[in-house]
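Now for the letters of each chain:
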There are 2 protein chains.
Amino acid sequence: MDALDDALQKAGAEAFVAYGTSEDATLRYLTSFRTSDPIIYLKRIGEQGTIIVPAMEVHRAGIESPCSVMSRADAGFFTILKEEPDPLKATARVIADLADGDILLPPEFPFGLAMEIMSLRPVSVEKDALTTLRAVKSRQEMDQIRRVQHATEDAMNRAISMIQRSEPVHDHLVTPEGEALTSEMVRYEIHSALLRHGCRGMDTIVASGEETADVHLRGSGPITADAPIIIDIFPQDEETGYFADMTRTVVRGEAAPEIREMHATVSDAQILAFSLIRDGADGSAIYQAVASHFRDAGYETEPNGFVHSLGHGVGLEVHESPGLNMRGSPLVAGNIITIEPGLYYPGIGGVRIEDLGAVTKDGFDRFTNFPEIFCI
Amino acid sequence: MDALDDALQKAGAEAFVAYGTSEDATLRYLTSFRTSDPIIYLKRIGEQGTIIVPAMEVHRAGIESPCSVMSRADAGFFTILKEEPDPLKATARVIADLADGDILLPPEFPFGLAMEIMSLRPVSVEKDALTTLRAVKSRQEMDQIRRVQHATEDAMNRAISMIQRSEPVHDHLVTPEGEALTSEMVRYEIHSALLRHGCRGMDTIVASGEETADVHLRGSGPITADAPIIIDIFPQDEETGYFADMTRTVVRGEAAPEIREMHATVSDAQILAFSLIRDGADGSAIYQAVASHFRDAGYETEPNGFVHSLGHGVGLEVHESPGLNMRGSPLVAGNIITIEPGLYYPGIGGVRIEDLGAVTKDGFDRFTNFPEIFCI
């Protein structure tokens, strides 16, 4: 939290204020409180921070959050509401009164409320401190992410077993029970496995054949035989809010030589990236090294080919800082990142492999512990 | 979408702009595009609106969204990035260039980006149009919410059956297999049932005994016998993004007379509320009628008792407009709302019943089709 104190000092502000539900990862990070109704978080230099919640949430907030807890009534909300019936303006007045000076807001703070606050107090935007703070994980956060990764691997294992039990018949896969194996069936298997670990899958990708050329198509209908199947799982732990992220590309049946070649090149790209990761390394340099690797192997990277970033931070959001992309940012020990090179060509298909791990002083501590299977 | 055109005209603005992922309900409403990376939505008067997405998402966006689709490259992002390396400032320039005039932003627009846009174009906040628009559901939206409600009732039915199969032994419930029935076990049963319907449960409440006095405690450990068990399920359909919301309070074993009395009073409160709902009715008047009903029946409402609102809109958010609370707002035919009276007393426990339905011209079309069970 020292980073936030430094930011307050630098901005010459009295208080840092956030506002939102626990869907807002920053707010969840700062408060550890789960709520589907928005709350106020307010912190001064040297303080842990206070959350302002409805009276009915005070007791639960005291249990869940390390922050000080204040009811809206005690913060003066209902008194102000008598003079100022617009709840947005009244909320702004509560914040202005409590801050009692200049206010620092995170970039994702809601604009409507910010405008009301600005009519009462000087306001500035805190750009980087929280992103940087959240990007370096504590031991506890690492354990929580490892736990989700473990659940993800169990789900991946079940998905791949389900595909393995099915047989290629003509151009698609058929289950032992004689029905067409669909993306929906595999996705359900994955989500059931995740649920047993207390995790939720969302927008999980089980795409096959032509679909795989489109990076984020979730996939539907019968799964194609003798063609790439991309399985990309990025669940959230319901209890802690942390994510993991993992992708495998498999072929059930015969892989075409060009897909086999793509898979080998993507796998090599990942190994290359692993070798370059360490504290202080530049994310964009690693991205560029992988892009060069692809071009050297004869793969175009634009407009098709290696069309996305090489990787991203993972935490309370599935995509967070640092990014390993064209712009990049320096890697720091304690970052949890994925490395997910991929190649995509319409009419041919796509291949992606994604593993997760921690940046360390002199390397990469891979959390993913799952074989590099391909033809199954 | 006429409402947004009217708002643009009223504000004298050229373009309405939203920015976010599909976690942002307004953005999902406007675009029907599912993305965990933020996109720009821009709309002028009379247009359907355009989304600006990474090149790799253009094809998928064309399939999923009724909006026009433009790549970031075509919107000039990468050209601007050469002069302006800060991606936030570059995004603001893309928006300012495309809008080519005054800009209208929704209240939840991220403040950091809004500030950058304000340095380039006059900006104003759109306060109500989208909230009002989203609060009145189309026939299709109603069908989607009914579908989630149906899944919710299946899950509720399984939860209650599981509790019924367990027997009170001393102060807690024991399964036919002889182990203590826990909140976690019932929650897992609920989430599994929801998953089979393509829905995701989140923060589902299965609280018992003392826990029930705390409105939003999720509940954990062995379930108490002869005491209230609150089951509150509010899942989201993964495919459509719509929610439903439903609560039952049951007792397995013997209900204490005071809990029995509370349940009857809450049930009567709900029936009273149903009778008052119609197009044009005032949400706060219905809330006040229920509060009076409780006071007349001898139940204090502060600081404990009827501590939350009477109900809320449900759609792409589990809590949205209109609210049936102290401030209230007029109900309009086509609103989908829950009616959830409750009473909570520390040391005694809590009771809540929640049903969902549509406000109609002259009444309430209850979607919930589930018995008012209590002692089971």
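A quick note: this is a predicted structure, and the numbers were derived from the prediction, not measured. (Residues numbered from 1 in each chain as written. Chains lettered and ligands numbered in written order. Predicted model: local features only at pLDDT ≥ 70, side-chain atom pairs only at ≥ 80, totals over all residues. Heavy atoms only, no water.)

We now examine the domain arrangement of chain A. Residue and element names in this part refer to chain A. Split by domain assignment, chain A resolves into domain 1 (2–134) and domain 2 (136–366). Averaged C-alpha coordinates put domain 1 and domain 2 at centres separated by 37 Å. In this complex, domain 1 contributes eight residues to the contact, which on the side of domain 2 involves 13 residues. Counting the surface lost from both domain 1 and domain 2, the interface buries some 810 Å², and carbon and sulfur atoms represent 37% of this. Of all residues in domain 1, Arg28, Arg34 and Arg134 give up the largest surface area on contact with domain 2, accounting jointly for 62% of the area buried on that side. Taken together, the links from domain 1 to domain 2 amount to four salt bridges. Across the salt bridge formed by arginine 34 and glutamate 238, the nearest N and O atoms sit 3.7 Å from each other. Across the domain 1-domain 2 interface, the total number found is eight residue pairs in polar contact (both at pLDDT 80 or more). Here the side of domain 1 that touches domain 2 takes four residues from helix α7 (residues 129–135), the largest share from any one element. Residue composition of the side of domain 1 that touches domain 2, by class: three nonpolar, two polar and three charged. (Domains from an automatic or database assignment. Contact = heavy atoms within 4.5 Å. Buried area = accessible area lost by both parts, 1.4 Å probe. Salt bridge = Lys/Arg side-chain N within 4 Å of Asp/Glu carboxyl O. Polar contact = N/O pair within 3.5 Å; in protein donor to acceptor, adjacent residues only side chain to side chain. Helix = DSSP H or I, 4+ residues; strand = E, 2+ residues; numbered from the N terminus. Nonpolar A, V, L, I, M, F, W, Y, C, P; charged D, E, K, R; others polar.)

Feature annotation in UniProt assigns "domain: Peptidase M24" (unreviewed entry) to the following positions: residues 144–361 of chain A. Summarising residues 144–361 of chain A: 32% helix, 24% strand, and an end-to-end C-alpha distance of 21 Å. (UniProt positions renumbered as here; feature names shortened; annotations may be inferred.)

Residue and element names in this part refer to chain B. With respect to topology, six strands assemble into an open sheet ordered β4-β3-β2-β1-β5-β6, the strand pairing being mixed. The open sheet has two edge strands with one neighbour each: β4 (68–71) and β6 (123–125). On average, adjacent strands in this sheet sit at an angle of 30 degrees to one another, irrespective of strand direction. Examined bridge by bridge, strand β5 (residues 103–105) and β6 share three bridges and lie parallel to one another. Of the residues in β6, the one forming a bridge with leucine 104 is serine 124. Where helix α1 (residues 2–11) meets the sheet, its contacts fall on β1 (15–20), β2 (39–44), β5 and β6, and the angle it forms with β2 comes to roughly 75 degrees. The strands touched by helix α5 (residues 87–99) are β1, β2, β3 (50–53), β4 and β5; relative to β2, the strand with the most contacts, the crossing angle is about 15 degrees. (Pairing = 2+ DSSP bridges. Axes fitted to C-alpha atoms, helices over the stretch in contact; angles between N-to-C directions.)

What follows is about the pattern of salt bridges. Following the criterion strictly, the structure yields 46 salt bridges over all chains and no others. With a closest N to O distance of 2.9 Å, A:Arg352 and A:Asp232 form a salt bridge. Within this pair, whereas A:Arg352 is found in strand β18 (residues 349–352), its partner A:Asp232 is found in strand β11 (residues 228–233), the two being separated by 120 residues in sequence. For the pair A:Arg352 and A:Asp232, one class covers both residues: buried. Salt bridges sharing partners connect three or more residues here, namely A:Arg34, A:Glu238, A:Glu239 and B:Asp203. (Buried < 20%, exposed > 50% of the residue type's maximum accessible area, 1.4 Å probe, protein only.)

Turning our eyes to something else, we now look at the relation of the copies chain A and chain B. Taken as rigid bodies, chain A and chain B are interconverted by a rotation of 180 degrees and an axial shift of 0.0 Å, the fit giving an RMSD of 0.0 Å. Accordingly, the operation relating the two chain copies is best matched by a two-fold axis. Of every C-alpha in chain A, the one belonging to A:Phe111 sits nearest the axis of rotation, 2.2 Å from it. Both copies contact each other with a shared surface, as 100% of the interface residues of chain A are interface residues in chain B too. (Least-squares fit on C-alpha atoms with pLDDT ≥ 70 in both.)

Attention shifts here to unusual backbone geometry. Residues and elements named next belong to chain A. The amide bond that connects glutamate 302 to the next residue, proline 303, takes the cis arrangement and shows omega of -5 degrees. Among the structural elements, proline 303 can be located in the loop between α11 (283–296) and β14 (311–313). You will see that serine 32, though not glycine, has its phi angle at about 55 degrees, which is positive. Along the chain, the position of serine 32 falls in the loop between α2 (25–31) and β2 (39–44). Overall, the relative accessible area of 38% leaves serine 32 in the partly exposed class. If you check the backbone angles, aspartate 203 has positive phi at about 55 degrees while not being a glycine. Positionally, aspartate 203 belongs in the loop between β9 (199–200) and β10 (205–208).

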